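Working through the structure, step by step
If you want the building blocks of each chain, they are given just below.
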Amino acid sequence: MTSSTGASECYVYVTLPGETKFVTAGKFKLTTDRRGISTGKFVYGRSYLARENAVPIDPLELKLSTRTYETNILKGVFGSLRDSSPDYWGRRVIEKHTRQAQLGEIDYLLYSPDDRAGALGFGLNQEPPAPRRQFNQTMQLERLQALVDSIIADEDLPVGADAEQAQDLMLDGTSMGGARPKVVVEDNEGLWIAKFNHPDDQWNNARVEHAMLMLARECGLQTSESRVTTIGERDVLLVKRFDRENTDTGYRRARMLSALTLLRAEDSQQDRDKWSYVLFAEELRRISSQPRTDAPELFRRMCFNALISNADDHPRNHAVVAMAMDWKLSPAYDLTPSTPISIERRDLALGCGDMGRYAHAENLLSQSARFLLEPDEAKRAIDEMEQDIRNKWYDIARAEGVAEKDCEKIAGAFAYPGFRLETSV
Ligand SMILES: Nc1ncnc2c1ncn2[C@@H]1O[C@H](COP(=O)(O)OP(=O)(O)O)[C@@H](O)[C@H]1O
Ligand SMILES: [Mg+2]
């Protein structure tokens, strides 16, 4: 049995652009005072700063410098590091594995395996570990699905030698963020995130999420590649990882930052005023090497989310990536419709204009200049997207295997009446 490492500091490793091995970038230290306030400190190593090809972990918050950076937000864990940490699902798996109810933030970083989002790694040794060569294979999905089931049911994991191996398998594929049950698996094309259906789901999520990615692609958005595979009687969504590139010598890794990190926001309700597409567009324009492409793309994603009633479009469901030196908006992922009772007013998770989070055409148009669009371009983008979604969602959903009864359940999500409701503003 493993337990809390009790560590209050760790080394941070990074895979540099074009490389497949970690180098040590710096050291992260976390302290909590008597009032319970946590402070994180990060300092780059001198030998890292001396590298010609050194890159900043976060080009806005942690620029290459000899200074010691400090933060108090996100429990003292810099956003760029927190983005590499597991969320609800991965933490649950680690807690099951270690048989501990709760662990320290550094423990979650240290326990999560080397398949996390982005290019960072963490460890207690100054010398970084060699890259992982072995990953769970798509062939093992059936076994993994059974383990996922027992974790969801909060059953004890089976004991015995074989079961231990199975636990390790499970732990070896769960450091991605997000709340849905998932594991990372490999096939001869590369690495995928396998997202499993949950017994509480209102519809077949694997099929519906895949159909939403296809619909988004049809509407001209850049999306993650996906497919559905069936294990036994059950569907599993496979989403190709855009932060890994398979090469003869191993995987290249893209650095990755969530919109939550770019917005310097907390995950909690109190920080909701910072959760905004408009502010995200501003940050994106600062960090992106192609703002004229990315800012309008973000605008269209916001419109797409409004038109499929995606209320789960929170700031961890948007990211920027850097496979080489340059940063850009990541492909879209985690697109899910919802069907709130109200047909007059639905809100997105992020503010989108002068009327706050209201998923309404006029609201979306109100700040279009910040997304580098002329008013007539923005209006045309919304009109086309509305038509495309209205006309295509059903055929795409059916073609991708969404059952008729599930189509009935999600029908109310698309181009809801409130999107064009007459407003007094
Ligand atoms: N295609 C992808 N490539 C790389 N990272 C991804 C990809 N899709 C999602 N992620 C990362 O994994 C996290 C969890 O995935 P997500 O689909 O959002 O799961 P959930 O439905 O549980 O929120 C995301 O927050 C993001 O950091
Ligand atoms: Mg998500």
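The following refers to the structure shown.

Procedures and definitions
Residues numbered from 1 in each chain as written. Chains lettered and ligands numbered in written order. Predicted model: local features only at pLDDT ≥ 70, side-chain atom pairs only at ≥ 80, totals over all residues. Heavy atoms only, no water. Phe/Tyr/Trp six-rings, centres within 6.5 Å; stacked < 30°, edge-to-face > 60°. Helix = DSSP H or I, 4+ residues; strand = E, 2+ residues; numbered from the N terminus. Buried < 20%, exposed > 50% of the residue type's maximum accessible area, 1.4 Å probe, protein only. Lys NZ or Arg CZ within 6 Å of the ring centre and 35° of its normal. Axes fitted to C-alpha atoms, helices over the stretch in contact; angles between N-to-C directions. Parallel < 35°, antiparallel > 145°, perpendicular 65-115°, else oblique. Left-handed = near helix turned anticlockwise from the far one by under 90°. Contact = heavy atoms within 4.5 Å. Pairing = 2+ DSSP bridges. Nonpolar A, V, L, I, M, F, W, Y, C, P; charged D, E, K, R; others polar. Donors = N, O, S within 2.8 Å, 3.2 Å for Na, K, Ca; no water. Near = heavy atom within 4 Å. Polar contact = N/O pair within 3.5 Å; in protein donor to acceptor, adjacent residues only side chain to side chain. Areas by Shrake-Rupley, 256 points an atom, 1.4 Å probe, with all protein chains shown as cover. Disulfide = S-S within 2.5 Å.

On to the packing of aromatic side chains. A full pass over the atoms with the stated rule returns ten aromatic pairs. With a centroid separation of 6.1 Å and 70° between ring planes, the pair formed by Phe 28 and Phe 78 is classed as edge-to-face. Remark: Phe 78 occurs in the loop between strand S4 (69-71) and helix H2 (79-82) and Phe 28 occurs in strand S2 (residues 22-32); sequence separation between them is 50 residues. We note that Phe 28, like Phe 78, is buried. Put simply, the rings of Phe 28, Phe 42, Tyr 44, Tyr 48 and Phe 78 touch in pairs and so form one group of aromatic residues. Residue placement shows Arg 227 over the ring face of Trp 192; its charged tip is 4.6 Å from the ring centre. Looking at Lys 240, its charged tip hangs above the ring of Trp 192, at a distance of 5.7 Å from the centre.

Glancing now at the packing of helix H9 (residues 277-287) against helix H10 (residues 291-307). Running from N to C, H9 and H10 cross one another at 160°; their axes reach a closest spacing of 9 Å. In terms of orientation, H9 and H10 fall into the roughly antiparallel class. The two elements H9 and H10 meet at a crossing, and its hand is right-handed. For the pair H9 and H10, contact is made by Tyr 277, Phe 280, Ala 281, Leu 284 and Arg 285 and by Pro 291, Asp 294, Ala 295, Leu 298, Met 302 and Asn 305, respectively.

The strand order across the open sheet built from three strands is S12-S13-S14, with neighbouring strands paired in antiparallel fashion. Because the sheet does not close on itself, it has two edges, and the strands there are strand S12 (255-258) and strand S14 (328-329). Pairing of strand S13 (residues 319-322) with S14 involves two bridges; the strand directions are antiparallel. Its bridge partner being in S14, Val 320 is matched across the sheet by Leu 329.

The interhelical angle for the contact between helix H3 (residues 88-98) and helix H5 (residues 141-152), taken along N-to-C directions, is 85°, at an axis separation of 11 Å. On the basis of their axis angle, the class for H3 and H5 is roughly perpendicular. Contacts between H3 and H5 pair Trp 89, Arg 92 and Val 93 from the former with Val 148, Ile 151 and Ile 152 from the latter. Among the residues making up the contact of H3 with H5, the classes are represented as five nonpolar, no polar and one charged.

Take the coordination of the magnesium ion (ligand 2) next. Of the protein atoms, only Asn 317 (OD1) and Asp 334 (OD) coordinate the magnesium ion (ligand 2), at distances of 2.1 to 2.2 Å. Taken together, the residues span a long stretch of sequence, with Asn 317 in the loop between H10 and S13 and Asp 334 in the loop between S14 and helix H11 (361-365) at a distance of 17 residues. With relative accessibility at 10%, the residue Asn 317 sits in the buried group. For Asp 334, a relative accessible area of 17% translates into the label buried.

To continue, consider the site of ligand 1. In the region of ligand 1, 19 residues are neighbours, and Arg 180, Lys 182, Lys 195, Lys 240 and Asp 334 sit closest. Within the contact set of ligand 1, an oxygen atom lies 2.7 Å away from a side-chain nitrogen or oxygen of Lys 195. Contact distances for ligand 1 include 2.8 Å between an oxygen atom and a side-chain N or O atom of Asp 334. Coverage of ligand 1 by the protein amounts to 93% of the 540 Å² it exposes when considered alone.

Take the sheet that holds strand S3 (residues 38-44) next. Pairing within the open sheet is antiparallel, and its five strands lie in the order S4-S3-S2-S1-S5. Edge strands, defined here as strands with exactly one partner in the open sheet, are S4 and strand S5 (120-123). Here the average twist between neighbouring strands, direction ignored, is 25°.

In total, this model carries zero disulfides according to the counting rule given. With no disulfide partner, Cys 303 has as its closest neighbouring cysteine sulfur the one in Cys 352, 8.7 Å distant. Unpaired in terms of disulfides, Cys 407 finds its nearest cysteine sulfur in Cys 219, a separation of 16 Å. Residue classification places Cys 407 among the buried residues on the basis of a relative accessible area of 2%.

We now examine unusual backbone geometry. Where the residue is not glycine, phi is negative for most of them; where a peptide bond is considered, it is trans in most cases. Even without glycine at this site, Ser 309 takes up a positive phi of about 50°. Inspection of the secondary structure assignment puts Ser 309 in the loop between H10 and S13. Of note, Leu 372 is a non-glycine position whose phi angle comes to about 60°, a positive value. Within the secondary structure, Leu 372 is located in the loop between H11 and helix H12 (375-399).

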